[in-house]
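The residues making up each chain are set out below.
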Amino acid sequence: MALRWSRMCWLPRCVLSARIRTVPTSRCLGLQRTLTSAPHPLQICIVGSGPAGFYTAQHLLKHHSQTMVDIYEKLPVPFGLVRFGVAPDHPEVKSYGAEDKQKLGIPGEDLPGVYSARDFVGWYNGLPDNRHLSPDLSTETAVILGQGNVALDIARILLSPLDLLKKTDITQAALNALSQSRIKRVLLVGRRGPLQVAFTIKELREMTNLAGIQPINCPSDYQGLGDIIKDLPRPRKRLTELLIKSALKKHGENEVVQRTQSNREWGLRFLRSPLAVLPSEDGKRAAGIRLSITRLEGNGETAVAVSTGEVEDLSCGLIVSSIGYRSIPISPRVPFLQKSGTIPNSMGRVQGVPGLYCSGWVKRGPTGVIATTMTDSFDTAQSLLEDIKSGTLSCSNPRPGASTVRELLLLRGVQPVSFSDWEKIDAVETARGIEVGKPREKILDPEEMLELIFRGHTTRQL
Ligand code: NAP
């Protein structure tokens, strides 16, 4: 994290654009540096200031001495889902992102009480679009659909002791809601089996080590796995061993003290695929989920869940669908594969659009952690540099670059927010965090951010 942040000072110019109508158009683009030693520096525009954007910029700036990079971001604050996606109690991970959510495509999905993981995570992380989500936590049982790391993140946030969360940059609104939460049980439902869970061992271990939280798994789900795991690849083997150990752990074992502090539980439900959200009697909100009981065809990672025809209903007042993220198309002129939510590309070179490159989840799909995104972004930057070297990408003519973009933004009434403007927001958020013993207290309302930047004050709304 520290490394990535310090790399930002390599950026000759970082522009974050935001929409504002009332500010004079002369106040824009705080940081600019002109490169003098070459007539036509390589001018690169990066859309999106998440980790993929920054890592791509880093590689280009490091390996091409005459480069100018402009990073554009629709919000007045940078870092994308590093700021808005990663769990607040994982400051060391701060990593992943994509704009949209996968739909479940089942009846009742839009009932109150059902949330997408993207919105739920955005809510506790202070994403402006999700600041009014206000999820109802007055139920005893929460069901999370999906068994990936995002599902575990959400389960952990729902069950963590408040004292732990208070020290993170989770929003005050989320802390207030969690302090009133009546949730006692969180179930993570997967359509496949224990050998196909998508989360990783570190996140599982954190969950099993959470103070006072009891596992409520079904030991029978793990029967017969002992014979299989010895032949599994090492990461899956270790993960499955921990799963079995935690599933067979007796209630209260080694946790006499913790049991007195909390009576909260979590569990994994396997071979269950969501069929429908069940409404409450008055039909006004979610009261349960109907699951199709499945069996597996095939083995290992590629096994497919098929319905047995049986169903099971689970009562629950909160349902979070955590079945993956999706990228969205950037423009009708950029090809996009709807099914995978990716841009068709070859090593980051967008097919059929010379001069355009992609990296991150829009390049490879919504999988992988920070290290994956870093490598992937370096590969894209390397493709671009190779294309310059081979002459496939011509840089011989001067390009207007950022000045044209700025003119266009101003014509559209968009007042750009510069990197130094963001630093003002950062300073205020950090100072507010110190007041309450947190790393930062995020500002949730973009209008308040803009007030702070352009008028020097804020309307405080926590
Ligand atoms: P994910 O790892 O792809 O997991 C998605 C889960 O949803 C899987 O259990 C999947 O089951 C299930 N699913 C997908 N479609 C479904 C459907 N139609 N019906 C029922 N279940 C369905 O996605 P994620 O949890 O959103 O994470 C995205 C990426 O970010 C992952 O690479 C993850 O490791 C990473 N991440 C990392 C961290 C960290 O490092 N701490 C934290 C959060 C996220 P199937 O396997 O059967 O498809």
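For the structure, check the block above.
Cut-offs and rules
Residues numbered from 1 in each chain as written. Predicted model: local features only at pLDDT ≥ 70, side-chain atom pairs only at ≥ 80, totals over all residues. Heavy atoms only, no water. Pairing = 2+ DSSP bridges. Helix = DSSP H or I, 4+ residues; strand = E, 2+ residues; numbered from the N terminus. Axes fitted to C-alpha atoms, helices over the stretch in contact; angles between N-to-C directions. Salt bridge = Lys/Arg side-chain N within 4 Å of Asp/Glu carboxyl O. Buried < 20%, exposed > 50% of the residue type's maximum accessible area, 1.4 Å probe, protein only. Contact = heavy atoms within 4.5 Å. Phe/Tyr/Trp six-rings, centres within 6.5 Å; stacked < 30°, edge-to-face > 60°. Near = heavy atom within 4 Å. Polar contact = N/O pair within 3.5 Å; in protein donor to acceptor, adjacent residues only side chain to side chain. Areas by Shrake-Rupley, 256 points an atom, 1.4 Å probe, with all protein chains shown as cover. Nonpolar A, V, L, I, M, F, W, Y, C, P; charged D, E, K, R; others polar. Domains from an automatic or database assignment. Parallel < 35°, antiparallel > 145°, perpendicular 65-115°, else oblique. Left-handed = near helix turned anticlockwise from the far one by under 90°. Core = buried A, V, L, I, M, F, W, Y, C linked by side-chain atoms within 4.5 Å.

Caption draft 1: Summary view of the pairing of strand β11 (residues 286-297). Sheet topology places strand β10 (residues 272-279) next to β11; 7 bridges connect them, and they run antiparallel. Following the sheet pairing, Ser273 is matched in β11 by Ser292. Counting the residues in the hairpin turn of β10 and β11 gives 6 residues, including Gly283, whose phi is positive at 75°. One ladder, built from 9 bridges, connects β11 with strand β12 (residues 304-315); its direction is antiparallel. The residue bridging Ser292 from the neighbouring strand is Val311, located in β12. With antiparallel pairing between neighbouring strands as the criterion, β11 and β12 make up a hairpin whose turn holds 6 residues, including Gly298 at a positive phi of roughly 95°.

Caption draft 2: Looking closely at the sheet that holds β10. Spatial ordering of the open sheet is given by β10-β11-β12, a layout of 3 strands whose pairing is antiparallel. For this open sheet the edge positions go to β10 and β12, each flanked by a neighbour on one side alone. Neighbour to neighbour, the strand axes of the sheet diverge by 20° on average, direction disregarded.

Caption draft 3: A look at the pattern of salt bridges. As enumerated under the stated definition, the model contains 28 salt bridges in all. As a salt-bridge pair, Arg83 and Glu429 come within 2.6 Å of each other at their nearest N and O atoms. With Arg83 in helix α3 (residues 80-84) and Glu429 in helix α15 (residues 419-435), this residue pair connects regions lying 346 residues apart in the sequence. Given the relative accessible area of 6%, Arg83 is considered buried. The network of salt bridges with shared partners includes Asp89, Asp153, Arg156, Lys202, Glu203 and Glu206.

Caption draft 4: Structural view of the side chain of Ser292. Mapping Ser292 onto the fold places it in strand β11. The class of Ser292 is buried, set by a relative accessible area of 6%. In this structure, Ser292 is in contact with Leu271, Arg272, Ser273, Leu275, Ser307, Glu310 and Val311, ignoring residues within four places of it in sequence.

Caption draft 5: A look at the packing of aromatic side chains. Inspection of the entire model under this criterion finds 8 aromatic pairs. Here Phe54 and Phe79 contribute two aromatic rings whose centre-to-centre distance is 5.5 Å and whose plane-to-plane angle is 40°, an arrangement assigned as tilted. You can see Phe54 sitting in helix α2 (residues 51-63) and its partner Phe79 sitting in the loop between β3 (67-72) and α3, a full 25 residues away along the chain. Look at Phe54 and you get buried, because its relative accessible area is 8%. On the basis of relative accessible area, Phe79 is assigned to the buried category, the value being 6%. A ring pair is formed by Phe120 and Trp123, whose centres lie 5.5 Å apart and whose planes are at 55°; its orientation type is tilted. Here Phe120 and its partner Trp123 are both found in helix α4 (residues 117-125), 3 residues apart, which amounts to about one turn of the helix. Overall, Phe120 belongs to the buried group, its relative accessible area being 1%. The structure contains a cluster of three or more aromatic residues connected by ring pairs, namely Tyr115, Phe120, Trp123 and Tyr124.

Caption draft 6: Structural detail: the site of the ligand. Surrounding the ligand, one finds 23 residues, the nearest of these being Asn149, Arg191, Arg192, Glu203 and Gly368. Separating an oxygen atom of the ligand from a backbone N or O atom of Gln147 is a distance of 3.0 Å. Within the side chain of Arg191, an N or O atom sits 2.7 Å from an oxygen atom of the ligand. Against a free-state accessible area of 910 Å², the protein chains account for coverage of 83% of the ligand. Among the elements that take part in the shell around the ligand, helix α5 (residues 149-159) stands out by supplying 3 residues, more than any other. Class assignment of the residues belonging to the shell around the ligand gives a composition of 10 nonpolar, 9 polar and 4 charged. Looking at which domains feed residues into the shell around the ligand, each of domain 1 (8-82 + 327-454) and domain 2 (100-325) supplies at least three.

Caption draft 7: How the structure looks around unusual backbone geometry. Positive phi values are uncommon outside glycine, yet Phe79 reaches one of about 85°. Although it is not a glycine, Leu271 adopts a positive phi angle of roughly 55°. Secondary-structure assignment places Leu271 in the loop between β9 (264-269) and β10. Here Leu271 falls in the partly exposed class, since its relative accessible area comes to 26%.

Caption draft 8: Representation of the sheet that holds strand β13 (residues 318-321). One open sheet holds the 6 strands; their spatial order is β5-β13-β6-β7-β9-β8, and the pairing between them is parallel. Every other strand in the sheet has two partners, leaving β5 (114-116) and β8 (213-215) as the edge strands with one partner each. In this sheet, adjacent strand axes meet at a mean angle of 20° when their direction is disregarded. Across the sheet, α4 is in contact with β5 and β13; its angle to β5 comes to roughly 80°. The sheet contacts of α5 involve β6 (141-145), β7 (185-189), β8, β9 and β13, and relative to β7 the element is tilted by about 175°.

Caption draft 9: Inspection of the packing of α5 against helix α8 (residues 201-208) at higher detail. Contact geometry of α5 with α8 gives a least axis separation of 10 Å together with a crossing angle of 20°. Here α8 runs roughly parallel to α5, going by the angle between their axes. The two elements α5 and α8 cross, and the hand of that crossing is left-handed. Counted together, Asn149, Leu152, Ala155, Arg156 and Leu159 of α5 and Glu203, Leu204, Glu206 and Met207 of α8 form the full contact between these two elements.

Caption draft 10: Region of the structure containing the nonpolar core. Among the nonpolar cores identified, the biggest contains 81 residues, and Phe120, Tyr124, Ile154, Leu158, Val186, Leu188 and Trp266 are the most heavily contacted of them. By residue number, the principal contributor to this core is α5, which donates 8 residues. No fewer than three residues from each of domain 1 (8-82 + 327-454) and domain 2 (100-325) sit in this core. Residues in contact with Leu188, not counting those within four places in the same chain, are Ile144, Gly146, Gln147, Ala151, Leu152, Ala155, Trp266, Gly267, Leu268 and Arg269. Counting residues in hydrophobic clusters, the runner-up holds 16 residues, among them Leu104, Ala286, Leu314 and Ile319.

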